[in-house]
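Summary of the model geometry
Single-letter residue listing:
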Amino acid sequence: MATGRSYDMDICEELDWRASVQQTTDPDHLPQWLAAASRTLYAGFDPTSDGLHVGNFVALMMLRRFQKAGHRPIVLAGGATGMIGDPSGKNQERTLLSPEIIDHNLQSISGELQQFLDFESSNGAILVNNYDWMKRWDYLSFLRDIGKHFPVNVMLAKESVKTRLEQTDAGMSYTEFSYMLLQAYDFVHLHKEFGCELQVGGSDQWGNITAGIELGRRLGTSPLYGITCPLLTRSDGAKMGKTEQGTIWLSPQKTSPYAFYQYWYNVDDDVVGRCLRLLTEMEREDILALDEDRQVDPGSRNSQRRLAETITEFVHGKDGLSKACRASEVLFGAEVSALSDQELAEIFSDVPSETVDRGELSGDGLDILEAFCRAGLAKSKSEARRCISQGGAYVNNHRVEDVEARLSTNDLASESVMVLRSGKKRYALLMFP
RNA sequence: GGGGGGUUUCCCGAGCGGUCAAAGGGGUCAGACUGUAAAUCUGAUGGCAAUGCCUUCGCAGGUUCGAAUCCUGCACCCCCCA
């Protein structure tokens, strides 16, 4: 991860072009200030789950861009703030996570965070955990030294608090209300400790960031700055990175490279441009060329392909990308019967599989309805029957039309695996060891 | 305390004592079209050894040849009057 460039590159202009800026605290002076010297900045990630997901990606890219421009990023893992739960953007009180879970999550995300930044060079990134300094406080001192600087009327005016309180049935506990203080203090602490002067985050962090800046002002630090980036949303307004099946994670254990690749490949036309800008480090001319291409021939979906390739390679490496591509090829119709057990296992690693006794294939063979049920593609034989009679059932990518069909060893795709499919995309494997 | 209304298949919601596995919508699944999209259109949508059989209409009983539909009791929900 080379960071060859110097900080005289116009990072503000770059971020602007990439539509990465929602709001800044000081739009007039920020560009000069950033151009004048190598600055230290931070973004926080709370251990609310045991991995990073697409939603965290925007802020990570932000840090990366700053680092490339010669600034020094700090990644803050929120061991302390995670104990409390950020009310921002949530319309309900959060349930507290147990310390054990938080600790476990902390381990996972800390590891992942390191993948995306350079920790070696002169402006190498720093990983910190706010629990390390928060644990030193006792309650009374914190109230006297920090809490004293927070006017409640100002806190109440913050968007994150206001929206929650306006929903009469939601409400907010004192605990969550205090979250802001912790994050504000983080900023001030990082300033004292590392000279950190800028905080970046998603637009939902605006209130927390400005709280930190305000606290700094009252405690007499030099001016602090904040930048928020827009939250990535789909054209229907839903947050990116969530599907019906769940969150898209960065870790290959939680979301396979294939599923990851597919997610980006299927991004809507009207969002893909923003994704290319916001989430990749692709050159401007390439992105503009894709914009053009999309206008002329949207059906080619070159934008989606490039987006999927670029991000998948970035997150999962060349190897992950090639696996994802290969799986995509096969899962979208290619012939399956020429493959070996091992190849199938690799390609269909995402696909649920069931083991069935090989003996079932001998004699009359295995009832096709039974097979679809066992594979989990149908909840009942009626459902399986329906699926077949409507032409939605496939064995080894070949449509099955006969409801009475029976499967034998001839229907194995490889030595011992059979590939079943319902509809266009729902696959399942049956293994006959 | 008094009076009234409700509880239906994944969800909403219609259901005359038989022709009710139960209208309609949503969702979901599949098909066509397509760009592995969106929109649209079509079909399906309790289970099973399937021209039939079994289980479902808050719960438990009862009336009846026959009940989601009538009666009794119970539970939960809503509304109105005090």
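Here, the structure is the one placed above.
Residues numbered from 1 in each chain as written. Chains lettered and ligands numbered in written order. Predicted model: local features only at pLDDT ≥ 70, side-chain atom pairs only at ≥ 80, totals over all residues. Heavy atoms only, no water.

Focus on the overall build of chain A
Within chain A, the regular secondary structure consists of 19 helices and 15 strands. By principal-axis analysis of the C-alpha atoms, chain A measures approximately 85 × 50 × 40 Å. Out of the 433 residues belonging to chain A, those deemed buried represent 50%. When contacts within chain A are restricted to residue pairs at least 6 apart in sequence, those whose partners lie at least 24 apart make up 73%. Accessible area for chain A stands at about 20400 Å²; split by element, carbon and sulfur atoms hold 49% of it. Positive and negative side-chain charges in chain A, numbering 45 and 62 respectively, have mean positions lying 3 Å apart. (Helix = DSSP H or I, 4+ residues; strand = E, 2+ residues; numbered from the N terminus. Buried < 20%, exposed > 50% of the residue type's maximum accessible area, 1.4 Å probe, protein only. Contact = heavy atoms within 4.5 Å. Areas by Shrake-Rupley, 256 points an atom, 1.4 Å probe, with all protein chains shown as cover. Lys, Arg positive; Asp, Glu negative; His and termini not counted. Charge placed at Lys NZ, Arg CZ, Asp CG, Glu CD.)

Some thoughts on the pattern of salt bridges
Within the structure shown, the criterion is met by 20 salt bridges. Across the salt bridge formed by Arg217 and Glu214, the nearest N and O atoms sit 2.9 Å from each other. Residue Arg217 and its partner Glu214 are located together in helix α12 (residues 206-218), separated by three residues, close to a single helical turn. The class for Glu214 is partly exposed, based on a relative accessible area of 30%. (Salt bridge = Lys/Arg side-chain N within 4 Å of Asp/Glu carboxyl O.)

So, the packing of aromatic side chains
In this structure the tally under the stated criterion is twelve aromatic pairs. Within the aromatic cluster, the residues linked to one another by ring pairs are Phe57, Phe116 and Phe314. We note Arg277 situated over the ring of Trp17; from NZ or CZ to the ring centre the distance is 5.0 Å. The ring of Tyr394 has Arg421 sitting right over it, with the charged end atom 3.9 Å from the ring centre. (Phe/Tyr/Trp six-rings, centres within 6.5 Å; stacked < 30°, edge-to-face > 60°. Lys NZ or Arg CZ within 6 Å of the ring centre and 35° of its normal.)

Concerning the protein's contact with RNA strand B
The environment of RNA strand B is formed by 25 residues, the closest being Asp269, Arg301, Phe332, Ser382 and Arg386. Atoms of RNA strand B within 4 Å of the protein: sugar and phosphate make up 64%, bases the balance. Between RNA strand B and Asn266, the relevant distance is 3.0 Å, taken from a sugar or linking oxygen to a side-chain nitrogen or oxygen of the residue. Side-chain polar atom of Gln304 to a base nitrogen of RNA strand B: 3.4 Å apart, as the coordinates give it. When residues of the surface near RNA strand B are traced back to their parent elements, those giving at least two are α13 (257-265) and α19 (381-389). (Near = heavy atom within 4 Å. Polar contact = N/O pair within 3.5 Å; in protein donor to acceptor, adjacent residues only side chain to side chain.)

Focus: unusual backbone geometry
The phi dihedral of Arg301 falls on the positive side, at around 50°, and the residue is not glycine. Along the chain, Arg301 falls in the loop between α15 (284-296) and α16 (302-331). Residue classification places Arg301 among the partly exposed residues on the basis of a relative accessible area of 29%.

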